[in-house]
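# A closer look at the structure
What follows is each chain in one-letter form.
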Amino acid sequence: TPQLIAKLQYAIDVNDADALRQAAHSIKSTSNTVGALSLGALSKELEARTVDLVIAGFDQNERDHNFKGENTQTRSMNDVSFRTANTGGWFSWDLKVLPDQVQELSVAYRSGGRTATFDIFVDGTKLFAPASATAAAQPRGASSVAAYPLSPELVKGKSKITVKFQAPSEGRMGGVLSVRVLKTK
C-alpha cells in the first residue's frame, strides 16, 4: 500500500533501521494478503534465517554494529545509501553469529558500473580464496547479492565476528549496501 511504502521511505530518510525492518515486515505480510505469496514466502524465509543485519548509511545501525574505518564514506545514489572505501581504505562492522554453527555472510553490493575488487576479512582471516571478492560490473547503480560461507571454525565459541572490507592499494572499492549473517538452509 502507499502508506507502507511511505513508512519504508521515511525509515530510510531518517536512518531508522528498526522502523525499516518493521515496514519491510509489514510489506511482507501485506504481500501474502494480496496474493504475492512467493514474495511473501521469500521475505519470511529471509527474515527467519537472519541472525544479524547491518545497513550502510543508517548511522545508529552502524554505531550499534561498532562501525570502524579509515578513508571511507557513505554515499547515496537514487535514494539508496551505500558505504565505500577509497584507495587503501577500509571499514568494518561487528555482527552477531551463532557459535559453532555453519552460517553464511550475505553482502548486498551497489555497482559503480565497473568491476570492483577488494578483500573481505572475518576477525582478521581472509574470508575465502582467491584473495579478493569481486563485485561484477553491472549497470551503474544496479545491486547484487553474494553469499560467502562462514565455517564453524570461523565462529567457534563466538557470539560476534568483525567483518572488514579492504579496498585495494590502487583503487576505490565498490559500494556495500548491507551485510547479513544468515543461518544456512
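Here is a short report on the structure shown in this document. Values in this document were obtained by computation on a predicted structure and should not be read as measured data.

## Looking at the overall build of the protein
Summing up its helical and strand segments, the protein has five helices and ten strands in all. The 185 residues of the protein split such that 38% are buried.

## Comments concerning the nonpolar core
Within the largest apolar cluster, 26 residues are counted, with the highest numbers of intra-cluster contacts made by Trp93, Leu105, Ile120, Phe165, Val176 and Val179. Elements with a minimum of two residues in this core: β3 (80-96), β4 (103-110), β5 (116-122), β8 (143-150), α5 (152-155), β9 (160-166) and β10 (175-183). Ignoring anything within four residues of it in the chain, the contact list for phenylalanine 165 reads Gly89, Trp90, Phe91, Trp93, Val107, Phe118, Asp119, Ile120, Met173, Val176 and Val179.

## A short note on the side chain of asparagine 61
Assignment of secondary structure puts asparagine 61 in helix α4 (residues 59-64). With sequence-adjacent residues up to four places away left out, asparagine 61 is seen in contact with Ala17, Arg21, Leu53, Val54 and Ile55.

## A few points about unusual backbone geometry
Phi is positive for asparagine 66, which is not a glycine, with a value near 55°. Tracing the backbone through its elements, the reader meets asparagine 66 in the loop between α4 and β2 (68-77). Even without being glycine, asparagine 71 reaches a positive phi, approximately 55°. Locating asparagine 71 in the fold gives a position in strand β2. On the basis of relative accessible area, asparagine 71 is assigned to the partly exposed category, the value being 43%.

## A short note on the packing of aromatic side chains
Within the structure shown, the criterion is met by five aromatic pairs. With a centroid separation of 6.3 Å and 70° between ring planes, the pair formed by tryptophan 93 and phenylalanine 165 is classed as edge-to-face. Residue tryptophan 93 is located in strand β3, and its partner phenylalanine 165 is located in strand β9; the two are separated by 72 residues in the primary sequence. Both residues of the pair, tryptophan 93 and phenylalanine 165, belong to the buried class. A centroid spacing of 6.3 Å and a plane angle of 50° characterise the contact between phenylalanine 118 and phenylalanine 165, whose relative ring orientation is tilted. Placement of the pair is phenylalanine 118 in strand β5 and phenylalanine 165 in strand β9, with a sequence separation of 47 residues. Neither residue differs from the other here; phenylalanine 118 and phenylalanine 165 are each classed as buried. Members of the aromatic cluster, joined through ring pairs, are Phe91, Trp93, Tyr109, Phe118 and Phe165. Note that lysine 164 overlies the ring of tryptophan 90, its terminal NZ or CZ placed 4.8 Å from the centroid.

## Examining the pattern of salt bridges
Under the criterion given, the structure shown has five salt bridges. Measuring nitrogen to oxygen at the nearest pair gives 3.3 Å for the salt bridge that ties glutamate 104 to arginine 49. Linking glutamate 104 in strand β4 with arginine 49 in helix α3 (residues 37-49), this pair joins segments that are 55 residues apart in sequence. Here glutamate 104 matches arginine 49 in class, with each residue buried. Linking glutamate 62 and arginine 83 is a salt bridge whose minimum nitrogen-to-oxygen distance equals 2.9 Å. Pair noted here: glutamate 62 is in helix α4 and arginine 83 is in strand β3, with a separation of 21 residues, a long-range link. Each member of the pair glutamate 62 and arginine 83 is classed as buried.

## What to know about the environment of leucine 105
Structurally, leucine 105 is set in strand β4. Sequence spacing of leucine 105 and alanine 146 is 41 residues, and the spatial spacing of their C-alpha atoms is 8.2 Å. If we skip the residues at most four places from it in the chain, leucine 105 touches Ile120, Leu127, Ala146, Ala147, Tyr148, Leu150, Val163, Val179, Arg180 and Val181.

## Remarks on the pairing of β10
With respect to burial, β10 is a largely interior element, eight of its nine residues being buried. Where strand β1 (residues 50-55) meets β10, five bridges bridge the pair, whose relative direction is antiparallel. Looking at β10, one finds that aspartate 52 is bridged to valine 181. Across eight bridges, the pairing between β4 and β10 is antiparallel. By the bridge assignment, leucine 105 is partnered in β10 with valine 181.

Thresholds, definitions, all that
Residues numbered from 1 in each chain as written. Predicted model: local features only at pLDDT ≥ 70, side-chain atom pairs only at ≥ 80, totals over all residues. Heavy atoms only, no water. Helix = DSSP H or I, 4+ residues; strand = E, 2+ residues; numbered from the N terminus. Buried < 20%, exposed > 50% of the residue type's maximum accessible area, 1.4 Å probe, protein only. Core = buried A, V, L, I, M, F, W, Y, C linked by side-chain atoms within 4.5 Å. Contact = heavy atoms within 4.5 Å. Phe/Tyr/Trp six-rings, centres within 6.5 Å; stacked < 30°, edge-to-face > 60°. Lys NZ or Arg CZ within 6 Å of the ring centre and 35° of its normal. Salt bridge = Lys/Arg side-chain N within 4 Å of Asp/Glu carboxyl O. Pairing = 2+ DSSP bridges.

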